[in-house]
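An overview of the molecular structure
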Amino acid sequence: MSRRAQENLVAFLFLFFFLAMTFLSFDYSYKARLVPVPVFVVSALIMLLQMYFMNFKKDVNLNVDAAELLTGGKSNSSTNGPEKTENVKIQKVEGGSELSAILMIVGYLVMTLLIGILPAIFLFVLVFFVFITKMKWYISLLVTLATEVSIYILFSYVLQINFFQGWLVKLFLG
């Protein structure tokens, strides 16, 4: 199978998936399909645009190799001949461990149960940006406030969903 045929096959499979999920989403209630239908429709439109560029525009480099899904990550150039390797320096990057990631998620879950979803999101995002990504505190605070306001507007105002209050909030505020 040629490379173009592989790329078209993968793109068509994605397009079929997006269209099928759009069709299946119409079984949801009006509010429940407010998120998946636009996401799948926009994804299908982007996939159609990509297919158009792949097949009809030769001068556009998409930097997308859809055939890598079929060939297991090996491109056509590496499967045709022997590979030439160069000296590559590998830099060790310091990072967290799986245990710290699990503890962060457990901490978020505990905060959600104790103080509620919105305050837990606020604290989690703020602490994440300040301590994990090492952003300046005022930029972290602005991003956290924008995140919190966006979540509140989308879920409380648009979708009219009531958030979980938290056990401590219910205990002290009734």
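As a starting point, this report considers the structure included with it. Predicted model only: the values in this text are computed from it and were never measured.

Each helix and strand counted, the protein has eight helices and zero strands in total. In the protein, the succession of helices and strands from N to C terminus is α-α-α-α-α-α-α-α. Burial status across the protein gives 20% buried among its 174 residues. Considering only contacts in the protein between residues 6 or more positions apart, those separated by 24 or more positions represent 58%. By element, 69% of the accessible surface of the protein is carried by carbon and sulfur atoms, the whole surface being about 13,600 Å².

The grouping of Tyr30, Leu34, Val35, Val39, Val149, Tyr152, Ile153, Leu154, Phe155, Tyr157, Val158 and Ile161 at the surface amounts to a nonpolar patch, some 1,100 Å² of accessible area in total. Among the elements that make up the nonpolar patch, the one with the highest residue count is helix α7 (residues 137-158) (seven residues). Within the secondary structure, Leu154 is located in helix α7.

Following the sequence through the fold, Ser156 ends up in helix α7. Discounting residues that sit within four places of it in the chain, Ser156 has contacts with Ile151, Ile161 and Phe163.

Three- or four-residue spacings in an α-helix give side chains the same orientation, since the helix completes a turn every 3.6 residues. Across its 16 residues, helix α6 (residues 117-132) extends 21 Å between first and last C-alpha, which sits within 8% of the 22 Å expected from 1.5 Å per residue. Within the sequence span of α6, burial applies to Leu118, Ala120, Ile121, Val125 and Phe129. Looking straight down α6, one finds that the buried residues subtend no more than 160 degrees of arc, so they occupy a single side. The elements touched by buried residues of α6 are α5 (98-115) and α7. Lys134, located one to two residues past α6, shows a positive phi value of around 60 degrees.

What follows covers the packing of α5 against α6. Where α5 contacts α6, the axes come no closer than 7 Å and their chain directions differ by 150 degrees. If you check the angle between α5 and α6, you find them roughly antiparallel. α6 is crossed by α5, and the crossing has right-handed handedness. When α5 is examined against α6, the residues Met104, Tyr108, Met111, Thr112 and Ile115 are found in contact with a partner set consisting of Ile117, Pro119, Ala120, Ile121, Leu123, Phe124, Phe128 and Ile132. Here the residues of the contact of α5 with α6 sort into 12 nonpolar, one polar and no charged.

Take the nonpolar core next. Soluble globular proteins tend to bury their nonpolar side chains together. In this structure, Ala11, Leu15, Phe18, Phe40, Ala44, Met47, Met51 and Met54 together form the largest nonpolar core, which totals eight residues. Broken down by secondary-structure element, the contributors of at least two residues to this core are α1 (3-25) and α2 (36-56). Non-local contacts of Phe18, meaning those with residues more than four positions away in its chain, are made with Phe40, Ser43, Ala44 and Met47. Judged by nonpolar contacts, the second largest core, of six residues, contains Leu118, Val125, Phe129 and Ile151.

Between α1 and α2, the least distance of the axes is 9 Å, while the angle of their chain directions is 160 degrees. Relative to α2, the element α1 lies roughly antiparallel. Read as a crossing pair, α1 and α2 show a hand that is left-handed. Here the residues of the contact of α1 with α2 sort into 17 nonpolar, five polar and two charged.

With that out of the way, let us pick up α7. The end-to-end C-alpha distance of α7, which contains 22 residues, comes to 30 Å, matching closely the 32 Å that a straight helix rising 1.5 Å per residue would cover. Within α7, burial applies to Ser140, Thr144, Glu148, Ile151 and Ser156. Lining the buried residues of α7 we find α6. Taken from the residues just after α7, Gln160 is the one with a positive phi, measuring 55 degrees.

The rules behind each value
- Residues numbered from 1 in each chain as written.
- Predicted model: local features only at pLDDT ≥ 70, side-chain atom pairs only at ≥ 80, totals over all residues.
- Heavy atoms only, no water.
- Helix = DSSP H or I, 4+ residues; strand = E, 2+ residues; numbered from the N terminus.
- Buried < 20%, exposed > 50% of the residue type's maximum accessible area, 1.4 Å probe, protein only.
- Contact = heavy atoms within 4.5 Å.
- Areas by Shrake-Rupley, 256 points an atom, 1.4 Å probe, with all protein chains shown as cover.
- Patch = residues over 30% accessible without salt bridge, like charges linked within 9 Å, V, L, I, M, F, W, Y side chains within 5 Å.
- Salt bridge = Lys/Arg side-chain N within 4 Å of Asp/Glu carboxyl O.
- Expected span 1.5 Å × (residues − 1).
- Arc of directions from axis to C-beta.
- Axes fitted to C-alpha atoms, helices over the stretch in contact; angles between N-to-C directions.
- Parallel < 35°, antiparallel > 145°, perpendicular 65-115°, else oblique.
- Left-handed = near helix turned anticlockwise from the far one by under 90°.
- Nonpolar A, V, L, I, M, F, W, Y, C, P; charged D, E, K, R; others polar.
- Core = buried A, V, L, I, M, F, W, Y, C linked by side-chain atoms within 4.5 Å.

On their own, these measurements won't tell you what the molecule is for.
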